Amino acid sequence: MADRFDLIVFDWDGTLMDSAGAIVRAIVASCRDLGLPEPPEERARYVIGLGLGDALRHAVPELAESDYPRMIERYRHHYLSSDHELTLFPGVADTLAWLSEQGRMLGVATGKSRLGLNRALGHSGLASYFHSTRCADECFSKPHPAMLEQIMDELSVEPARTLMVGDTTHDLLMARNAGVASLAVSFGAHPAEVLRAEAPLDCVGTPAELGRWLRQHA
């Protein structure tokens with residue numbers, strides 16, 4: 001164990017939970033409900049990790065501001081109707097348990113709402129592992145550094161001792177903006193070549209590789 005980091009902060013969707021596909025489907029179904037053009041999958045996947053308002057502005061540029069409440073209602077309807085069926089990536093619970101046993105502080109910085117994260121923590125049974133969490137309806141949306149800055153301040157950990165783990169460029173840019181090292185995972189929303197372009201410490205391709213990397217380097 002390298003003992004390099006005191007605090008490891010994880011994104012949720014596409015990093016710990018296999019939910020990127022469900023988010024894309026909910027965005028597409030919501031557009032269909034409102035009679036809007038369905039965004040291509042690449043554009044819908046790009047917005048994963050952003051706060052919902054920012055995500056919709058990019059994924060559905062045709063959407064009028066006055067229709068945002070309707071779009072958000074439809075998105076939540078479609079996503080929440082099946083979120084209880086979503087599963088963690090294989091090995092995630094064991095990796096978090098091991099990190100906790102090693103004395104690491106753990107956090108979550110997510111584009112989910114507080115209601116959404118609390119539901120996910122409840123369904124997954126992971127709540128007890130995390131010392132601090134921040135959501136998009138509590139902070140500026142990624143890639144603004146506020147989520148990481150608030151978590152580090154709450155836990156009294158310096159940026160040099162903090163690692164951000166995420167599956168999108170939004171996560172990696174947030175880490176850079178906060179002066180924090182990052183680790184990319186390419187089994188979520190964004191492809192490896194896009195993630196590597198943001199110069200994380202490394203980019204791992206499977207949940208098993210994530211567990212091994214953290215055991216060896218974190």
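The present account deals with the structure reproduced in this document. Treat the numbers as computed from the prediction; the structure is a model and nothing was measured. (Residues numbered from 1 in each chain as written. Predicted model: local features only at pLDDT ≥ 70, side-chain atom pairs only at ≥ 80, totals over all residues. Heavy atoms only, no water.)

Okay, the overall build of the protein chain next. Assigned secondary structure in the protein chain consists of 10 helices and six strands. Here the C-alpha coordinates of the protein chain stretch approximately 55 × 30 × 30 Å along the principal axes. Sorting the 218 residues of the protein chain into buried and exposed places 53% on the buried side. Long-range contacts, defined as pairs at least 24 residues apart, comprise 65% of the intrachain contacts of the protein chain with a sequence gap of at least 6. About 9300 Å² of surface is accessible on the protein chain, with carbon and sulfur atoms providing 49% of the total. With 20 positive and 30 negative side-chain charges, the protein chain shows a spacing of 1 Å between the two charge centroids. (Helix = DSSP H or I, 4+ residues; strand = E, 2+ residues; numbered from the N terminus. Buried < 20%, exposed > 50% of the residue type's maximum accessible area, 1.4 Å probe, protein only. Contact = heavy atoms within 4.5 Å. Areas by Shrake-Rupley, 256 points an atom, 1.4 Å probe, with all protein chains shown as cover. Lys, Arg positive; Asp, Glu negative; His and termini not counted. Charge placed at Lys NZ, Arg CZ, Asp CG, Glu CD.)

For the rest of this paragraph, the subject is the nonpolar core. By size, the foremost hydrophobic cluster in this structure holds 54 residues, and its most contacted members are Ile8, Phe10, Trp12, Phe130, Leu163 and Leu214. With eight residues, the top contributor of residues to this core is helix α1 (residues 20-33). In contact with Ile8, other than residues within four places in its own chain, are Leu99, Arg104, Met105, Leu106, Gly107, Leu163, Val165, Leu214 and Ala218. Residues Leu7, Leu148, Ile151 and Ala178 belong to the second largest nonpolar core, which totals 17 residues. (Core = buried A, V, L, I, M, F, W, Y, C linked by side-chain atoms within 4.5 Å.)

Every α-helix carries 3.6 residues per turn, so stepping three or four residues along brings you back to the same face. All of the buried residues along helix α5 (residues 92-101) are Val92, Thr95, Leu96, Ala97 and Leu99. Contacts made by the buried residues of α5 are with β1 (7-10), β2 (105-110) and α10 (207-217). Two residues or fewer after α5 comes Gly103, characterised by a positive phi angle close to 90°.

Moving on, we get to the layout of surface pockets. In this structure, the largest pocket occupies an estimated 540 Å³ of space. If you trace the largest pocket, you find 29 residues lining it, with Leu52, Tyr75, Gly111, Lys112 and Ser113 closest to the centre. With six residues, helix α3 (residues 52-59) is the single largest residue contributor to the lining of the largest pocket. Considering only residue class, the lining of the largest pocket consists of 13 nonpolar, eight polar and eight charged. (1 Å grid on protein atoms, 1.4 Å probe; cavity = no way out; pocket = protein on both sides within 12 Å on 5 of 7 lines; lining within 4 Å. Points joined across faces, edges and corners; volume = space filled by probe spheres on them. Nonpolar A, V, L, I, M, F, W, Y, C, P; charged D, E, K, R; others polar.)

Enumeration according to the criterion identifies three aromatic pairs in this entry. Between the aromatic rings of Trp12 and Phe130, the centroid separation amounts to 6.5 Å while the plane-to-plane angle is 65°, which identifies the pairing as edge-to-face. With a gap of 118 residues between them, Trp12 in the loop between β1 and α1 and Phe130 in the loop between α6 (114-124) and β3 (132-135) connect regions that are remote in the sequence. Plain terms: the ring middles of Phe89 and Phe187 are 4.8 Å apart, the flat faces sit at 70° to each other, and that makes the pair edge-to-face. Here Phe187 lies in the loop between β5 (181-185) and α9 (192-196) and Phe89 lies in the loop between α4 (68-80) and α5, a separation of 98 residues in the sequence. Both residues of the pair, Phe89 and Phe187, count as buried. (Phe/Tyr/Trp six-rings, centres within 6.5 Å; stacked < 30°, edge-to-face > 60°.)

A separate point is the side chain of Arg104. Considering the arrangement of structural elements, one finds Arg104 in the loop between α5 and β2. Engagement of the side chain of Arg104 in a polar contact is seen with the backbone oxygen of Phe5, the distance being 2.9 Å. At a separation of 3.4 Å, a polar atom in the side chain of Arg104 contacts the main-chain carbonyl oxygen of Gln102. (Polar contact = N/O pair within 3.5 Å; in protein donor to acceptor, adjacent residues only side chain to side chain.)

Turning to the packing of α5 against α10, a few remarks are in order. At a minimum axis separation of 9 Å, α5 and α10 run at an interaxial angle of 10°. The orientation of α5 relative to α10 falls into the category roughly parallel. For the pair α5 and α10, the sense of crossing is left-handed. Where α5 abuts α10, its residues Asp94, Thr95, Trp98 and Leu99 lie against Gly211, Leu214 and Arg215. Looking at the contact of α5 with α10 residue by residue, the classes come out as three nonpolar, two polar and two charged. (Axes fitted to C-alpha atoms, helices over the stretch in contact; angles between N-to-C directions. Parallel < 35°, antiparallel > 145°, perpendicular 65-115°, else oblique. Left-handed = near helix turned anticlockwise from the far one by under 90°.)

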